[in-house]
Amino acid sequence: MEGRILDIKRLSVHDGPGIRTTIFLKGCSLCCRWCHNPESVSPKPEIGFLKKKCIGCGKCAKVCPVGVHVFHDGTHVLNHELCTACGKCVKACLVDALEFYGREMSVEEAFAAVLEDKTFYAQSGGGCTISGGEPLLQAEFCAEVFKRLRNEGIHCAIDTSGAVKWESFKTILPYTDMFLYDVKHTNDKLHREHTGGSNRGILDNLKRLSECGIPIEIRIPTIPGFNADEESLAATGELLSGLSNIVRVRLLPYHLARSKYETIGHPDTMPDVPPPDAAAMANAAEILRQSGIDTVMS
Amino acid sequence: MPNVFASIRQQLERQYLDVKYDPNSGWAKEELQAELEKHRADNPEDPRIMTRAWLFHLLCSKARIAVEPDDYFADKLEHHNLLITLREEWRREEERKEFKNDPPSIPGAWSAILDVGHTCPDWRNLLKYGFAGLRDRAATRSGVFYQAVTMVYDAVIILIKRFAAGLPNSAIAALAERPPQTFHEALQLAYLYHELQEMEDGYSVRSMGRFDQLYYSFYANDLKAGRLTRDQAKELLKYFWIKFFAKTQGKLNGKPFLFGPDVNEITYLAFESYKDIQCVELKFHVRFTERQPKKFLEMIADCIQAGCNSIQIFNNDRQVEMLCKHGRSPEDAHDYIIIGCSEPSIMGREMNWSGAAALNLAKAVELVLASSDYASFDELMEAYIKTLDSLIAISADWTRREERLWPKVNPSPLLSGTMDSCLERGLDVSQAGAKYNVTGYTAVGLTDAVDSLAVIKQLVYDEKCCTLAELKAALAANWNGFEELRLTAMNRVPKWGNNDDHVDGIAVKITNFLGPRINNEPNARGGVFHAALYGIIDAARKFGKLTGALPDGRLAGEYLTMNTGAAIGMDKNGVTSLINSVTKINLAQFPMGTVLDIMLHPSVTRGQEGIETICAIIRSHFAQGGMAIQFNIFDAGILRDAKRHPEKYANLQVRVSGWNVRFADLAPQEQDIFIAKAEVV
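Remember, it's a predicted structure, so these values are computed and weren't measured experimentally. (Residues numbered from 1 in each chain as written. Chains lettered and ligands numbered in written order. Predicted model: local features only at pLDDT ≥ 70, side-chain atom pairs only at ≥ 80, totals over all residues.)

Q: Even after reading the chapter, I still don't get the interface of chain A and chain B, so can you show me in this structure?
A: In many analyses, interface size is given as the accessible surface area lost on bringing the parts together. Taken together, the contact between chain A and chain B spans 14 residues of the former and 21 residues of the latter. Take the side of chain A that touches chain B: its biggest share by element is four residues, from helix α4 (residues 118-124) of chain A. Its residues placed into classes, the side of chain A that touches chain B shows six nonpolar, four polar and four charged. (Contact = placed C-beta atoms within 7 Å. Helix = DSSP H or I, 4+ residues; strand = E, 2+ residues; numbered from the N terminus. Nonpolar A, V, L, I, M, F, W, Y, C, P; charged D, E, K, R; others polar.)

Q: Looking at this structure, I do not really get the packing of helix α11 (residues 294-305) of chain B against helix α24 (residues 607-623) of chain B. What am I missing?
A: Any two packed helices are characterised by the angle at which their axes cross and by the distance between the axes. Residue and element names in this part refer to chain B. Two elements in contact, α11 and α24, have axes separated by 9 Å at closest approach and are oriented at 110°. With respect to each other, α11 and α24 are oriented roughly perpendicular. Crossing hand, α11 versus α24: right-handed. Seen from α11, the contacting residues are Leu-297, Glu-298, Ala-301, Asp-302, Ile-304 and Gln-305; seen from α24, they are Gly-610, Ile-611, Ile-614, Cys-615 and Ile-618. The class makeup of the residues in the contact of α11 with α24 is seven nonpolar, two polar and two charged. (Axes fitted to C-alpha atoms, helices over the stretch in contact; angles between N-to-C directions. Parallel < 35°, antiparallel > 145°, perpendicular 65-115°, else oblique. Left-handed = near helix turned anticlockwise from the far one by under 90°.)

Q: Before we go on, may I ask you to explain the nonpolar core in this structure?
A: Side chains of nonpolar character tend, in soluble globular proteins, to be buried together. Among the nonpolar cores identified, the biggest contains 279 residues, and Cys-142 of chain A together with Val-152, Tyr-274, Ala-364 and Val-450 of chain B are the most heavily contacted of them. What Val-450 of chain B contacts, discounting residues up to four positions off in sequence, is Trp-496, Val-503, Ile-506, Ala-507 and Ile-510 of chain B. (Core = buried A, V, L, I, M, F, W, Y, C linked by C-beta atoms within 7 Å. Buried ≥ 20, exposed ≤ 12 C-beta atoms within 10 Å, placed from the backbone.)

Q: Can you help me understand the domain arrangement of chain B in this one?
A: Residues and elements named next belong to chain B. Each assigned domain of chain B is listed with its residue range as follows: domain 1 (5-106 + 121-346) and domain 2 (107-120 + 347-594). Taken residue by residue, the interface counts 57 residues in domain 1 and 46 residues in domain 2. The set of elements that each furnish at least two residues to the side of domain 1 that touches domain 2 consists of α3 (48-62), α4 (82-99), α5 (123-139), α6 (144-166), α7 (183-201), α12 (316-325), β7 (336-339) and β8 (343-346). Looking at the side of domain 1 that touches domain 2, its residues break down into 25 nonpolar, 13 polar and 19 charged. (Domains from an automatic or database assignment.)

Q: I keep staring at the environment of Glu-198 of chain B and nothing clicks. Help me out?
A: Residues and elements named next belong to chain B. Here Glu-198 is to be found in helix α7. Overall, the presence of 18 C-beta atoms within 10 Å leaves Glu-198 in the partly exposed class. Measuring from C-alpha to C-alpha, the distance between Glu-198 and Asn-81 comes to 9.1 Å, with 117 residues separating the pair along the chain. Here Glu-198 is in contact with Tyr-203 and Ser-204, once residues within four sequence places are set aside.

Q: Before we go on, may I ask you to explain the sheet that holds strand β12 (residues 246-253) of chain A in this structure?
A: Backbone-to-backbone hydrogen bonds join strands into a sheet, with any given pair of strands oriented parallel or antiparallel. Residues and elements named next belong to chain A. The mixed open sheet is built from nine strands, whose spatial order is β7-β1-β2-β8-β9-β10-β11-β12-β13. Both outer strands of the open sheet, β7 (103-106) and β13 (295-297), are each paired with one neighbouring strand and no more. Averaged over all pairs of adjacent strands, the angle between their axes in this sheet comes to 30°, without regard to strand direction. As defined by bridge partners, strand β1 (residues 2-12) adjoins β7 across four bridges and the pair is classed as antiparallel. Following the sheet pairing, Ile-5 is matched in β7 by Arg-103. (Pairing = 2+ DSSP bridges.)

Q: What am I meant to see in the packing of helix α15 (residues 377-409) of chain B against helix α21 (residues 501-519) of chain B here?
A: Residue and element names in this part refer to chain B. Direction vectors running N to C along α15 and α21 enclose 25°, while the axes themselves pass 11 Å from each other. Between α15 and α21, the crossing angle belongs to the class labelled roughly parallel. When you trace α15 past α21, the crossing you get is right-handed. Listed contacts from α21 to Ile-385, Leu-388, Asp-389 and Ile-392 of α15 are Phe-513, Leu-514, Arg-517 and Ile-518. Residue composition of the contact of α15 with α21, grouped by class: six nonpolar, no polar and two charged.

Q: What's the story with the pairing of strand β4 (residues 255-259) of chain B in this structure? I'm lost.
A: In summary, the side chains of a regular strand alternate between the two faces of the sheet. All names here are of chain B. Most of β4 is tucked away, with five of its five residues classed as buried. Burial along β4 is two-sided: Lys-255, Phe-257 and Phe-259 and Pro-256 and Leu-258, pointing in opposite directions, are all buried. For β4 and strand β5 (residues 282-288), the ladder comprises five bridges, and the chain directions are parallel. Directly across from Pro-256, in β5, lies its bridge partner Lys-283. Each parallel crossover has a hand, and the one from β4 via helix α10 (residues 265-277) to β5 is right-handed. (Right-handed = clockwise from strand over helix to strand, strands pointing away.)

Q: Where do I start with the sheet that holds strand β13 (residues 529-533) of chain B in this structure?
A: All names here are of chain B. Spatial strand order, β3-β10-β12-β13: four strands in an open sheet with mixed pairing. Each edge of the open sheet is held by one strand with a lone partner, namely β3 (110-112) and β13. Pairs of neighbouring strands in the sheet enclose a mean axial angle of 20°, with direction left out of account. By the bridge criterion, five bridges tie strand β12 (residues 439-444) to β13 in an arrangement that is parallel.

The following block contains the structure:
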């Protein structure tokens, strides 16, 4: 069995406890306006272009069968819409200015890659996190990787938006030690507007998951103009205070990701808002704490 | 004791820049020189150890001194480096005689020098007997060696009395008569001895010993007697640390202080005061074991996180085990300290001469390619190992000849007088008076060699993407006109430090040869050579300058990679993979030391979680067999800004291969190396 992988990040310290290896899967069921990994949204393979590294040698244009790469007055421009993601240009680029997003990786390969750092997990109380995109769109792949890792005593976490069918959760529940679960907004209308999907399934899944006895860390991307106001945060706090197995809430400050949108030739969907400052983050955390929930900031 | 360190810090930092020696306190340089010439002319038959002892005595009793009431430590003697000048005269004379008929060696392939700076006196004896006691134990014996020791310690006592006359009520006076009794007296003795040892042997990276073990009882006794508070002890330590910075302005290789494995209040006080004053010149070496309280390693990590990263952490239990395997008794092995950057040695019982010989592993690749063609990679690899073998034979021989010159060049009665075995045998350290006499042999440039061999294997023999002749042509042209091949070599061949078994296997093969080969080579003092695996920045520069273009894409003359890290920008899989690569090497084959440099981004080390991450990285490295580790935590943007605006980053320290310097004091090319390293984390 194979998974569609965006990236594997080692020494990952913000995706669950301890030192972890995070596998990012490609393909998401939402399309959040602030997404800082836009290359993870589409389930299809894509080519990314890192302008800073390009030396303008033109090798990519020579091997591309469909004319994606064009050079205008020495400027390298990509016609992303023509790209079939055959990957020839990525192989030809000797300076790694082109990246392939969405390679296929077998369960065994992923397992072996994670296992390399097992000493670090043991020494730090870390493990493996599968993130995305939405990892549970590839729930069976996750389950197979976790099954093997658990045999080695490695802690396994899923970082999910929750925007999947409950069946997908059922597939991985027996092999998962922890969930990192995004709650973006309790208001369905706003949720649809900003993430492209309803929050109903997400909140239903969260309720059912909270009854399964597995620790859950709630993650709230803190987006000014969307969910960083007192009312939204208080509503989220109230919702969470009624659930079991919530170990903490982690607030993740919004940060700009414009260059990543340029990399894959997508328009940045986020309006110009400055990231929340430290005081705003502290204030948000305080509101959630008033609901009796342990809240930390990243 | 008034708490005024902060207010006079600047003055203390400048204390050696323009010392006001009292002209009435002693003789001018010319007078001292004339007296020396007269003495040499009158006593042409004197053994050199006696001439040195005599000159030492002359300087202590007649050279000018300066005393500073604001300082807590008396030390300033205007000795004009006369002992070193004389030593260098003898060195030139002896080396000329010894080596004048030798054919020229291959530039940049190896080096061998008379290294007198890497050692450690017996600090325990110094504190136990004091200067007077050390004089007395030599004075009762007869023979030239004992005479010399007696003469230098007599001289120290004379000097102390001169200082004491100008500094009534100071800690110095009592040291003329007896061993130190208070914490202040003990530190005064340590600093004065340190200065006099430099007067005898020159600037060096001699260890200051097991600091917390040596000074704890003095501190505890003072506390018990109500003579000193914890805060006062901390204040005193700041005056002590700042002297090391003041002496060099942070521009030399630092002085090593050893802490642990047993931890006490002095350990904590030392790190607290270091963090308070962020002094660059210190080198804190920590012997870590899992038996220590958890908070100890967390305190170290906290310092590192705060940018006070002049700290190297050692895997204590494995170091002790390694030292036992390499000839030290278990009791002595437990008393190891670190000399220089990463070199384990036994405190007060060993002359380990760690900076004596070095081999350029990268140059050997160049030599192998120049000498022949090879039908297979195995054949080339075999030739490479043979090349290393013959370079080791040549350089070891040269080193032994240097070693034999030692007694004629730099006898050290002050140092020898501290060591029990020198006293028992009646031999100076230069005549193998120490209990253990080993010679350091450092393998430099492993990374460049491994990456280059990996490129040859993949591109020439496995993928046949170019011929060996084409590759050689590219190197001969310093890659000019071969840009595509160069990019392929750089970016299409996996490199050392990424946990790639194919590449790492080459490193394992080389190191499995080097360790036993070097460790079984006899030296000229009844001991053996001991292999080390690291490359300090000076070696990376000097050897790099004399190494041509390499198959891994490196251009001619560029710095080699320091220590055992990945080449710049090539550790694409990050720190965990680097550690996994490095620990495939049996590092215990390098009893003269090895260290791994870790570069982290500040986002990884923020807050309490960050401290835990640093601790876990250290523990993981050691759990996998790592011997020593050190850290730099930087954002590349900050370093770029610091390069442009040094004035904004006066305190920004960077750990350079084994010591710290201010980032602003690095050469631009060296700043770029650190910026490039920070770019990839």
